[in-house]
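Spelled out, the chains give:
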Amino acid sequence: MTKYISKFLLFLITATAFFGSYAQIPLPVSKHKFVVIAHRGNHVNVPENSLASYEEAIKSGADYVEVDIRTSKDGVLVIHHDGTLDRMTTTTGEVKAKTFAELSQLQLKSPKAEDATVYRIPTFREVLKLCKNRINIYLDFKDADVAETWKQIQEEGMEKQIVVYLNKVPYYKQWRSIAPQMPLMTSLLDDIKNPQQLKFFLGQVKVEVLDNISEQAMVQTAQEEGVAVWLDVQSPSEGKDAWDSALSKGVQGVQTDHPEALVNYLKTNNWRDGVAKNAVIVPKKPAYQSLLDVPYAKGEGKENMLDAYIPENHTPDTKVLVYIHGGSWSRGDKSEFPKQLIDELVGVKKYIVVSMNYRLVKDGKNLFPAQIEDVKKAIAFLSAQSKRYRFNGNEFALMGGSAGAHLALLYAYAHDPNKQVKTVLNLWGPTDLTDKSVRADGSDANNTVIRFLGEADPKAQICVDASPLLHLTKESGVPTISFHGVEDPLVHVSQAENLHKKLQSLGILTQLELYPHEKHGMSASAAVDVFGKMVQWLEKQYPVVK
């Protein structure tokens, strides 16, 4: 299988949100814990991607058959690995340039010269019918329409027997939109090189399987995040050494050109229903309790609800970190706080983490100051519940992304008369809404601020009221760490730089982390650095009481 995934996949998928969380979609049921995937069927003696190769895969005892889907000129879904017909058929040219009537007349080349059997290019529907209730399908999504593919899957009752491998970024969004229940698989990005980067990636991109991880530490990280790893072992020299190498890493499956031989090898070593004895042992995940959709005030739907993540054995001294999501004050959700950071902050460091929703601007309603009023209500609610639920309700750390960072800063500097906020973690938040020089007329930045405030004049009092920088004084300021991409097109980097300078001038502890090539949000490699520095900052400025 050829890997086409762009190194920009993460940015494209998460361009509108830095954080994300999701529930893992179950994989198709298999008879065995260690799955064997027959690469293009079992084509040792018959042509690859033929109905005969899939029959042979079933006979071999494989759990999945890999199927490469493409589209004919007239829109018929067909099965063929290559984009061209040259290698595997009796003609030349592109698959997509031929009608199905033309494709159906072609003969597939057999690996056995003496084989006189006529093998044809099958349709996707034929393969679905053949595999139903007999073998699962690993669908390598080469070139096809997502909606039509899903329609045929449903019509043949194969919804729970397929995993889709993604080759292109647009397919990810289409599958998640059209068939959100379908388990997806992809290859790891080239720039993800260590477990920390992988953990961040898996916190952002909703996939159930990865296929190109070769290091044990990375395999273990994937497993900790609930993601299976199926390695490709097919090669001209495939055999015992390749199989043993994959098994030793603790993967859950392999794709092979020799499914019958591999199945027999696994059975001989009693590994068919488990991994090798020297495989990785996945440690127990950090334990904590999740309280979801807790109302902190009256509101429509979930707009005035919060999620709380509470460590085991918390005490009246346990400290609380409140996260406020971003989304231009008009979208976003509390569920965006990344699970990997919850695991670290709650499960390991023993903070309570609260992620809150607030009223969003919509159709000219819920304009500022509705959002900051909601932050006030949430903090008041948490303080009132502290004795009942045994945590420190007198101190808080606030953290926010983009619009959420703006609200965190504004609350700390202008709306915290009891000085409960001890530190703010600012992730690319706007700090001065009166600064028109960084939001040109007609720009996204300018339109967003106008929609939020209901006011176009940057000199209006409401712009002052909504600007954290203009409320910052020696008395109101708290230790603040800011993270910002230098190339941010939405919130200009000067917003963070000016805040940092003013904090310095007032003698208030401040740290500014700039990322030269990052925009609004962070790539995987930069995000790992951000996460690490956030945790270090909290340990110093808002330490857990042992």
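Now for a description of the structure that goes with this document. Along each chain, residue indices are assigned from 1 in the same order as the chain's sequence is written. Predicted model: local features are reported for residues with pLDDT of at least 70 only, side-chain atom pairs are reported and counted for 80 or more only, and whole-chain, interface and lining totals are derived from all residues. Side-chain calculation: all heavy atoms of the structure are included, whereas hydrogens and water are not.

**Things to note about the pairing of strand 14 (residues 396-401)**
- Burial analysis of strand 14 places six of its six residues in the buried class, which makes it a mostly covered element.
- Of the two faces of strand 14, the one lined by Phe396, Leu398 and Gly400 and the one lined by Ala397, Met399 and Gly401 are each fully buried.
- Strand pairing is assigned whenever DSSP detects at least two bridges linking the two strands. Helix and strand labels come from DSSP, where a helix needs a run of H or I of at least four residues and a strand needs a run of E of at least two; each type is numbered from the N terminus. Both strand 12 (residues 320-324) and strand 14 contribute to a ladder of five bridges, which runs parallel. Bridge assignment links Val322 to a residue of strand 14, and that residue is Leu398.
- As paired elements, strand 14 and strand 15 (residues 421-427) share six bridges and run parallel to each other. Accessibility here uses a 1.4 Å probe with only protein chains present; expressed as a share of the type maximum, an area under 20% marks a residue as buried, one over 50% as exposed, and anything in between as partly exposed.

**A look at the environment of Asn357**
- Within the element layout of this structure, Asn357 appears in the loop between strand 13 (352-356) and helix 12 (370-389).
- Among the residues examined, Asn357 registers a relative accessible area of 4% and is labelled buried.
- With 233 residues separating them along the chain, Asn357 and Phe124 place their C-alpha atoms 44 Å apart.
- Contact between two residues is taken to exist if any of their heavy atoms lie within 4.5 Å; hydrogens are not considered. Discounting chain neighbours no more than four positions away, the residues touching Asn357 are Tyr296, Lys302, Glu303, Met305, His325, Asp333 and Lys334.
- Engagement of the side chain of Asn357 in a polar contact is seen with the side chain of Asp333, the distance being 3.2 Å. Any N or O atom pair separated by 3.5 Å or less is treated as a polar contact, with the protein-specific requirement of one donor-capable and one acceptor-capable atom, and with residues adjacent in sequence counted only for side-chain atom pairs.

**With respect to the packing of aromatic side chains**
- Think of it this way: a Phe, Tyr or Trp ring, Trp meaning its six-membered ring, pairs with another when their centres are within 6.5 Å, and the plane angle makes it stacked under 30 degrees, edge-to-face over 60, tilted otherwise. Using the criterion set out here, one finds 13 aromatic pairs in the structure.
- When the centroid spacing of 5.4 Å and the interplanar angle of 45 degrees are considered together, the rings of Trp243 and Tyr265 count as tilted. On the criterion of sequence distance, the pair formed by Trp243 in helix 9 (residues 240-248) and Tyr265 in helix 10 (residues 259-268) is long-range, its members being 22 residues apart.
- You can call Tyr265 buried: its relative accessible area is 14%.
- When the ring of Tyr265 is compared with that of Trp271, the centres are 6.1 Å apart and the planes differ by 75 degrees; the resulting orientation is edge-to-face.
- You can call Trp271 buried: its relative accessible area is 15%.
- Geometrically, a lysine NZ or arginine CZ counts as sitting over a ring once it is within 6 Å of the ring centre and also within 35 degrees of the ring normal. Directly above the ring of Tyr542 sits Lys319, whose terminal nitrogen or CZ lies 4.8 Å from the centroid.

**Things to note about the sheet that holds strand 15**
- Strand order in the open sheet formed by eight strands is 10-11-13-12-14-15-16-17, and the pairing between neighbours is mixed. In this open sheet, the two strands that pair with only one neighbour each are strand 10 (288-295) and strand 17 (510-515). Strand-to-strand, the axes of this sheet are offset by a mean angle of 15 degrees, without reference to chain direction.
- By the bridge criterion, five bridges tie strand 12 to strand 13 in an arrangement that is parallel. Following the sheet pairing, Tyr323 is matched in strand 13 by Ser355.
- In this description, a line fitted to the C-alpha atoms serves as the axis of each element, helices being fitted only across the stretch in contact, and the angle between N-to-C directions of two axes falls anywhere from 0 to 180 degrees. Strand contacts of helix 11 (residues 339-348): strand 10, strand 11 (305-311), strand 12, strand 13 and strand 14, with the helix running at about 115 degrees to strand 10, the strand carrying the most contacts.
- Running at roughly 150 degrees to strand 14, helix 13 (residues 403-414) makes contact with strand 12, strand 14, strand 15 and strand 16 (480-485) of the sheet.

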